[in-house]
Amino acid sequence: MDFSLSEEHIMIRDAARDFAQTELLPGVIERDNKQEFPQELVKKMGDLGFLGIMVDPKYGGSGMDAISYVLIMEELSKIDASASVIVSVNNSLVCYGLEAYGTEEQKQKYLTKLATGEFVGAFCLSEPEAGSDATSQKTTAIDKGDHYIINGTKNWITSGGRADVYIVIAQTDRDKGSHGINAFIVEKGAKGFDIGPKEDKLGIRGSDTHTLQFNDVKVLKENRIGVNGSGFRFAMKTLSGGRIGIAAQALGIASGAFELALKYSKERKAFGTEICNHQAIAFKLADMATDIEAARHLVMKAAWEKDQGKNYDYSSAMAKLFASKVAMEHTVEAVQIHGGNGFVKEYHVERLMRDAKITQIYEGTSEIQKIVISRSLIRK
Ligand code: CAA
């Protein structure tokens with residue numbers, strides 16, 4: 001067993017760290033305040049290969065492994081979780097889904113542009129009445145021979161107003177339950193496809209979250225992904241990889257907050273000494289560092305399993321469950337260590353605390369991760 005990163009992985013991590021410091025950090029507070037989508041930065045991340053990290057270079061991707069993906073996600077998320085969720089959804093839910101399950105034509109037409117950042121992708125599974133209970137899709141896709149007609153509403157869609165390509169999960173045969181669900185590629189601007197108002201959110205305010213309406217949207221059969229009825233399994237498999245990305249995001253939020261808290265505690269003085277010398281603070285730092293390291297091992301293990309071609313449903317659920325808990329708990333502690341300054345935007349930790357919460361909710365709530373983990377344990 002080797003816990004050290006290769007030279008190549010260190011270079012990739014350092015490149016992401018450098019990008020986060022020089023490009024993401026300067027405007028991050030303003031983007032959070034204004035709920036501003038980082039359009040130019042998405043373009044730059046595309047140029048660096050961050051939007052198609054694991055995609056085969058023959059489709060315009062960077063051809064890196066999942067370990068590289070989590071290293072990049074951690075570094076971006078330390079500074080800007082709004083930018084990193086765009087990266088995560090584009091990589092894990094859209095590019096991976098197309099590369100693993102799409103036809104050659106779909107890959108040539110869409111993946112080549114998504115992997116380079118020319119296009120941004122969105123993944124549309126959640127609905128007003130089907131968030132955790134993902135098999136209860138109310139959106140319908142009726143088979144009309146050479147095309148489908150889609151009707152329904154999708155909620156809380158990341159990059160919903162900015163994407164060029166939307167993967168839409170819909171019910172084609174209600175009687176067949178999860179086997180009657182399909183995934184479709186819908187292009188921006190399709191007739192009857194309307195983007196609702198942007199959500200005003202607690203955290204990841206720079207990411208663009210919308211409700212989407214599908215009113216008799218015609219989608220050609222060639223835009224269905226996979227064989228008929230495979231859409232639910234497609235969604236579950238892509239989400240397993242997505243959970244590695246979000247676990248790495250949570251890890252980045254936690255480690256970003258920890259780094260700020262450690263630095264602050266070595267500078268701020270109270271009762272005649274730097275506050276890190278008070279056991280009340282020192283023990284918080286020890287707990288934070290230990291939990292973050294444990295989260296990092298779970299995230300790396302899930303990524304390693306993906307790279308090894310093993311099943312990572314269980315390990316990705318565990319990584320997300322634990323890393324998101326660590327992110328929530330320790331961003332609160334980072335604010336506490338900063339005292340009054342922690343409550344002020346310029347110190348960054350209050351934003352990280354707000355951003356942490358969503359990691360316990362999207363791509364499967366913590367309760368859903370416990371369902372996945374416990375079912376897997378019982379089956380073993
Ligand atoms: N791989 C392959 N197949 C799978 C699978 C997996 N990981 N998980 C389930 N399946 C199969 C099952 O084997 C079953 O097949 P059979 O009928 O042939 O046996 C079928 O799918 C149905 O599975 P379940 O009976 O387990 O389904 P369920 O109704 O009990 O739900 C669940 C399972 C795990 C709770 C699932 O509904 C789930 O993951 N819910 C959460 C959804 C979610 O993560 N939403 C996030 C939205 S996306 C998002 O947040 C994106 C964003 O923008 C950031």
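Everything below is about the structure printed above this text.
An account of the accompanying structure is given in this report. Please read all numbers here as calculations on a predicted model, not as lab measurements.

A closer look at the site of the ligand
With respect to spatial proximity, 24 residues lie near the ligand, and among them S132, T158, R243, E363 and R375 are the closest. At 3.0 Å, a side-chain N or O of R233 approaches an oxygen atom of the ligand. Within the backbone of E363, an N or O atom sits 2.9 Å from an oxygen atom of the ligand. Going through the elements one at a time, α5 (81-101), α7 (231-267) and α11 (366-379) are the ones with two or more residues in the shell around the ligand. Sorting elements by how many residues they give to the shell around the ligand places α7 first, with six residues. Its residues assigned to classes, the shell around the ligand comprises ten nonpolar, eight polar and six charged.

Digging into the side chain of D208
Residue position: D208 is located in the loop between β6 (193-198) and β7 (209-220). A polar side-chain atom of D208 sits 2.8 Å from the main-chain amide nitrogen of G161. Within the local environment of D208, its side chain forms a polar contact with the backbone nitrogen of R162, the two atoms lying 3.3 Å apart.

Concerning the packing of aromatic side chains
Taken as a whole and judged by the stated rule, the model has seven aromatic pairs. Relative to F214, the ring of F193 lies with its centre 4.8 Å away and its plane at 5°, an arrangement referred to as stacked. Of this pair, F193 sits in strand β6 while F214 is found in strand β7, placing the two residues 21 residues apart along the sequence. Overall, F214 belongs to the buried group, its relative accessible area being 1%.

What about the side chain of E74?
Tracing the sequence through the fold places E74 in helix α4 (residues 66-79). Overall, the relative accessible area of 6% leaves E74 in the buried class. In this structure E74 touches A248, L251, G252, S255 and R296, once residues within four positions along its chain are discounted.

How each quantity is defined
- Residues numbered from 1 in each chain as written.
- Predicted model: local features only at pLDDT ≥ 70, side-chain atom pairs only at ≥ 80, totals over all residues.
- Heavy atoms only, no water.
- Near = heavy atom within 4 Å.
- Polar contact = N/O pair within 3.5 Å; in protein donor to acceptor, adjacent residues only side chain to side chain.
- Helix = DSSP H or I, 4+ residues; strand = E, 2+ residues; numbered from the N terminus.
- Nonpolar A, V, L, I, M, F, W, Y, C, P; charged D, E, K, R; others polar.
- Phe/Tyr/Trp six-rings, centres within 6.5 Å; stacked < 30°, edge-to-face > 60°.
- Buried < 20%, exposed > 50% of the residue type's maximum accessible area, 1.4 Å probe, protein only.
- Contact = heavy atoms within 4.5 Å.

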